[in-house]
There are 2 protein chains.
Amino acid sequence: MEAEAGRRRRRGRGAEAAPQPSRDVNYRQLRNPFPQMEVFPADQIADMHETALRTLEGLGVKVLLPEARRIYAQGGARVNEDNEMVFIGRDMVEAAMASAPKSIACRAGARRRDFTLELGSLVFQPGAGAPNATDLERGRRPANGQDYLEFLKLTHHFDVFQMISPQVEPQDVPTNVRHYFTTQAQMELTDKFPFFFSRGTPQVMDCFEMLSMARGLSDDEFRGNPHCYTIINTNSPRTLDIPMAQGLIDFARHGQMSIITPFTLMGAMAPITVAGAITLSHAEALAALTLTQLANPGAPVCYGTFTSNVDMKSGAPAFGTPSHFQASLAAGQLARYLGLPWRSAAGSASNINDVQAANENQFGLWGCLMSGATVIIHSAGWLESGLTVSFEKMICDAEVLNMVAELCAGAQAGNSEIGFDSALSEVEPSGHFFATSQTMERYNTAFYEPHIHDYANFGTWTERGSVDANHRATGVWKEILANFEAPAQDVSRLGALHEFIARRTKAGGAPPES
Amino acid sequence: MEAEAGRRRRRGRGAEAAPQPSRDVNYRQLRNPFPQMEVFPADQIADMHETALRTLEGLGVKVLLPEARRIYAQGGARVNEDNEMVFIGRDMVEAAMASAPKSIACRAGARRRDFTLELGSLVFQPGAGAPNATDLERGRRPANGQDYLEFLKLTHHFDVFQMISPQVEPQDVPTNVRHYFTTQAQMELTDKFPFFFSRGTPQVMDCFEMLSMARGLSDDEFRGNPHCYTIINTNSPRTLDIPMAQGLIDFARHGQMSIITPFTLMGAMAPITVAGAITLSHAEALAALTLTQLANPGAPVCYGTFTSNVDMKSGAPAFGTPSHFQASLAAGQLARYLGLPWRSAAGSASNINDVQAANENQFGLWGCLMSGATVIIHSAGWLESGLTVSFEKMICDAEVLNMVAELCAGAQAGNSEIGFDSALSEVEPSGHFFATSQTMERYNTAFYEPHIHDYANFGTWTERGSVDANHRATGVWKEILANFEAPAQDVSRLGALHEFIARRTKAGGAPPES
């Protein structure tokens, strides 16, 4: 395994022999190079938008938080306090569409980790929100604090994950102090853009304070740019619950970013058609978007959807399907109709990191890439339709994302690349190009070097133990964790953070709202 | 396993319960719905074409077959008989580009199996040309006649494989009669468009005669359309060997189709850059194309490439890499420059049907799809960079291809799909759509039904034995083979075919040329 471990080292960290020129790649700030695909003609997209407006005006949205209903009412919505229904006029939606920023400059813990969200940029997040973790050594279990920390380290390790996602729930950490645990970890172990759950105003305020403390931000500096984000799921169909509404308001008022994502399954909590499900998702996203802009016009907000289908025989969710792909395309068309950055999602229904898991995840990924998604969540590690995140799958999917990132860099076909003199005319018929001038200049840097894919022939691979990619991935994540080094931090700021957490914990923490 | 087996039945063959409306899909005649991606700007593509012409004029191609050199010379090429070099002028290439048909109507054994090859159409072939076969029950072995027949049946089973490919070599069949075995099998077990190897004129003439006999075609009918095809690999760099040159001439003179595919690996038998490797591939393809058009102007010919990179540390081939993806894009741009139908290829370097195999194959596949490839070969089952075809991988990859075929059909967003009245307004906030009018109309036909992907939850999946996709695939291919029914054939024609084979075998068959 020694040779294997050496071979698997990341580019730039040196190979077995002499130092070699490292490849000049930047996976941190990507632009989407793929042409955008349309599933519906423009007039049908306009009809879907129009139907969403009609839905908000005529059918309304149930809003459980009184403060949110007040904000909607002050903005001109018709509100029925008896049944908590809010009817949102198209003028309100259009004003919100106009004030929502088209470009969002996200500030991480280090300038090289900053990125901009706008149509055309491309950001990946690993799979998120799972109650369980799994790997080949420890098996499937309810996720715990150690799992949370390990996934965070893996997320930090791969440049291609530009945002931190809440990969798993640390279920052994009490819910009233869990946000201290996850925030401290994000502040200490990574300088990437952090995530906070919207589980009520008290927790969110704690998180904002901890972030400002750890990053050394004044209140003005904090509010001046998004330094963190939350994800808002509506309760489809047409319901906005209390913690989600609080999150929209709190993040907007503090200039922090909400990613609004109705999570709908065609045939279950959404219409059975792509067009119907995305129209519903769009209506719900517009309702939430409107709330953010009423709370603070110009607040950074990312449009989103996550729509796939169920298996109509069993009612089970399915991901990486043709309908999922088409739903991403339709959502992308609507996002471009709005002009807003937006998120979509890959994912898999498979129960383990197998061929199904790989094929579903990558199929869904290409739907996101060709729909021009700005943020692609669940792009690595997500199994069981979101119930589990897998260590091995995260490693395997990161390979695919790295290869996509390589494509973002493009290629050249100038004279030196075409190489009539430096390659083509140097080699006789049936000869080889191993020693041409062009090859000698480029052999160390020409090609992407995988961390999990293995090019050994069958004999060599068999001699090495016939280890499949899934089992090789165990060695990769263990090596990353063993060698993990957190980015340098300001010790005094972290001390203040620790003191804050100790004090707040002693005072009982902040239980989640429901 | 009974329920599983039932669940896996193909759509249209009925489910467990009452008869249900089958989904109206056509995977036989597909159009590529994906937008085309460009890796190089148009002026660089023109430079690559120009450099290819310069290569053919100035550096030349080594042509081992005297007859081919004669044809090139008669067409105006400068030929050096001492070193077998042929220097092809751009006027000759341009004349060939002008006479090669832009659209090729391929005639199969049944009209529903016919298809047209032109830019915009989309045809899949399973992995081809491997010396070995593998499956989880019988292991990896030199491929034999039974393997050939079984792969042929699997290829026939899935509509999404519109062409027959030579998946594996039946190594237990002597080479002087192997073409009788493979032709008889293709005539008896499938009505799809057949493949013949170009292993010398005697074998090819035998194959043409057998095909005409089995399909009941007069000589004029046979020559009037392509009824079969061959694949021509140049010996890169810049060499055309004897059987390949004979194949180009024989297929062209009989109006049958050649798919011209330089198979090049960047950094080994081709330049290390995408631009250089594709320029070489393009030059070689143009040389072969020119020979077909000199032999018979207007002969059906499909442009092609198969270019990936090697691992520069080991020299091992790699597939499904970023460079492979970009090579497909560049070849697609050159094919559109010519206006010709063209083939590209997916594939994997993995040694087994694992996550690497799935991810490489699908990554390469999207490169082909986004490059507008007309024919995508090695799209299912291909392992070990082509040394093995896997039964299980063929089943797993066919799922991905079926999902791509579903996307070819597109989707609608008319009033009934958006469903304001039939869905959105029928459901209260937080309700469900299981029973809306729209759902009731569509629940049997809305979604693609997989043959290998499993949507059972973790508990159910565990109760069923925790079987991964790879092992489930074994059950699927065995069931397909157990239930295989060959399409109806004309018995008297097959009798004549058998008689021909017996007679020719007795006379010693036809050894391959080399």
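Being a predicted model, the structure only gives us computed values, none of them experimental. (Residues numbered from 1 in each chain as written. Chains lettered and ligands numbered in written order. Predicted model: local features only at pLDDT ≥ 70, side-chain atom pairs only at ≥ 80, totals over all residues. Heavy atoms only, no water.)

A. Structural detail: the pattern of salt bridges. All told, the structure shown has 52 salt bridges over all chains when counted by the stated rule. Residues E81 of chain B and R69 of chain B are paired through a salt bridge, measuring 2.8 Å at the closest nitrogen-oxygen approach. In this pair, E81 of chain B sits in the loop between β3 (78-80) and β4 (85-87) while R69 of chain B sits in helix α3 (residues 66-74), placing the two residues 12 residues apart along the sequence. Taking relative accessible area as the criterion, R69 of chain B reaches 5% and is therefore assigned buried. For R199 of chain B, the salt bridge is made with E169 of chain B, and the minimal N-O distance between the two is 2.8 Å. You can see R199 of chain B sitting in the loop between α6 (178-189) and α7 (201-215) and its partner E169 of chain B sitting in the loop between α5 (145-157) and α6, a full 30 residues away along the chain. A relative accessible area of 9% places E169 of chain B in the buried class. Residues joined in a network through salt bridges with shared partners are D135, R138, R141, D147 and E150 of chain A. (Salt bridge = Lys/Arg side-chain N within 4 Å of Asp/Glu carboxyl O. Helix = DSSP H or I, 4+ residues; strand = E, 2+ residues; numbered from the N terminus. Buried < 20%, exposed > 50% of the residue type's maximum accessible area, 1.4 Å probe, protein only.)

B. Geometry of the interface of chain A and chain B. With 111 residues of chain A at the contact, the number on the chain B side is 111 residues. The interface formed by chain A and chain B holds two salt bridges in total. Across the salt bridge formed by K313 of chain A and E449 of chain B, the nearest N and O atoms sit 3.0 Å from each other. For the pair chain A and chain B, the number of links is 34 residue pairs in polar contact (both at pLDDT 80 or more). A total of nine residues in the side of chain A that touches chain B trace back to one element, the largest contributor, which is helix α12 (residues 355-370) of chain A. A per-class count over the side of chain A that touches chain B returns 58 nonpolar, 32 polar and 21 charged. (Contact = heavy atoms within 4.5 Å. Polar contact = N/O pair within 3.5 Å; in protein donor to acceptor, adjacent residues only side chain to side chain. Nonpolar A, V, L, I, M, F, W, Y, C, P; charged D, E, K, R; others polar.)

C. Spatial organisation of the packing of helix α9 (residues 242-253) of chain A against helix α10 (residues 274-295) of chain A. Residue and element names in this part refer to chain A. Closest axis-to-axis distance for the α9/α10 pair is 8 Å, and the angle between their directions is 40°. On the basis of their axis angle, the class for α9 and α10 is oblique. Between α9 and α10 lies a crossing whose hand is right-handed. On α10, the residues that touch A245, L248, I249, A252 and R253 of α9 are A288, L291, T292 and A295. Here the residues of the contact of α9 with α10 sort into seven nonpolar, one polar and one charged. (Axes fitted to C-alpha atoms, helices over the stretch in contact; angles between N-to-C directions. Parallel < 35°, antiparallel > 145°, perpendicular 65-115°, else oblique. Left-handed = near helix turned anticlockwise from the far one by under 90°.)

D. Looking closely at the relation of the copies chain A and chain B. Here chain A sits on chain B after a turn of 180° about the axis and a move of 0.0 Å along it, with an RMSD of 0.0 Å. Seen this way, the second copy is the image of the first under a two-fold rotation axis. Rotation axis and chain A: the residue whose C-alpha lies nearest the axis is V355 of chain A, separated from it by 2.5 Å. Most of the interface of chain A is mirrored in chain B, where 100% of its interface residues are also at the interface. (Least-squares fit on C-alpha atoms with pLDDT ≥ 70 in both.)

E. Summary view of the packing of aromatic side chains. Residue and element names in this part refer to chain A. Following the criterion strictly, the structure yields 44 aromatic pairs over all chains and no others. Here the aromatic rings of F195 and F197 are separated by 4.8 Å at their centres, their planes lie at 85°, and the arrangement is edge-to-face. Judged by centre distance (5.6 Å) and plane angle (50°), the ring pair of F306 and W382 falls under tilted. Note that F306 is positioned in strand β15 (residues 306-310) and W382 in strand β19 (residues 382-383), a separation of 76 residues in sequence. (Phe/Tyr/Trp six-rings, centres within 6.5 Å; stacked < 30°, edge-to-face > 60°.)

F. Expanded view of the sheet that holds strand β10 (residues 229-232) of chain A. Residue and element names in this part refer to chain A. Taken together, seven strands build an open sheet; the order of strands is β1-β7-β18-β17-β14-β12-β10 and the sheet is mixed. At either margin of the open sheet sits one strand with a lone partner, and together these are β1 (30-31) and β10. Where strand β7 (residues 121-124) lies against strand β18 (residues 375-377), two bridges are found, and the strand directions are parallel. Paired with F124 across the two strands is I376, which belongs to β18. Here α9 sits on the sheet in contact with β10 and β12 (257-260), set at roughly 145° to β10. (Pairing = 2+ DSSP bridges.)

G. Representation of the sheet that holds strand β17 (residues 342-345) of chain B in the model. Residue and element names in this part refer to chain B. Pairing in this open sheet of seven strands is mixed, and the strands run β1-β7-β18-β17-β14-β12-β10 from one edge to the other. The open sheet has two free edges, formed respectively by β1 (30-31) and β10 (229-232), since each of these has just one partner strand. Packing against the sheet, helix α10 (residues 274-295) makes contact with β12 (257-260) and β14 (301-304), and its axis sits at approximately 170° to β14.

H. View of the pairing of strand β17 (residues 342-345) of chain A. Residue and element names in this part refer to chain A. The alternating pattern of β17 places W342 and S344 on one face and R343 and A345 on the opposite face, and all of these are buried. Judged from the two bridges that link them, strand β14 (residues 301-304) and β17 form a sheet pairing that is parallel. Note that in β17 the partner of Y303 across the bridge is W342. For β17 and β18, the ladder comprises three bridges, and the chain directions are parallel. Across the sheet, residue A345 finds its bridge partner in β18, namely I377. In this view, the connection linking β17 to its parallel neighbour β18 by way of α12 has right-handed handedness. (Right-handed = clockwise from strand over helix to strand, strands pointing away.)

I. The arrangement of unusual backbone geometry in detail. The amide bond that connects S236 of chain A to the next residue, P237 of chain A, takes the cis arrangement and shows omega of -5°. With respect to the element layout, P237 of chain A can be found in the loop between β10 and β11 (239-240). Look at E384 of chain B: it is not a glycine, yet its phi comes out positive at around 50°. Residue placement: E384 of chain B occurs in the loop between β19 (382-383) and β20 (388-390). Overall, E384 of chain B belongs to the buried group, its relative accessible area being 6%. Phi at S430 of chain B takes a positive value of approximately 65°, unusual for a residue other than glycine. Here S430 of chain B lies in the loop between α14 (415-418) and α15 (437-442).

So far we have only geometry, and geometry alone does not tell us how the molecule works.
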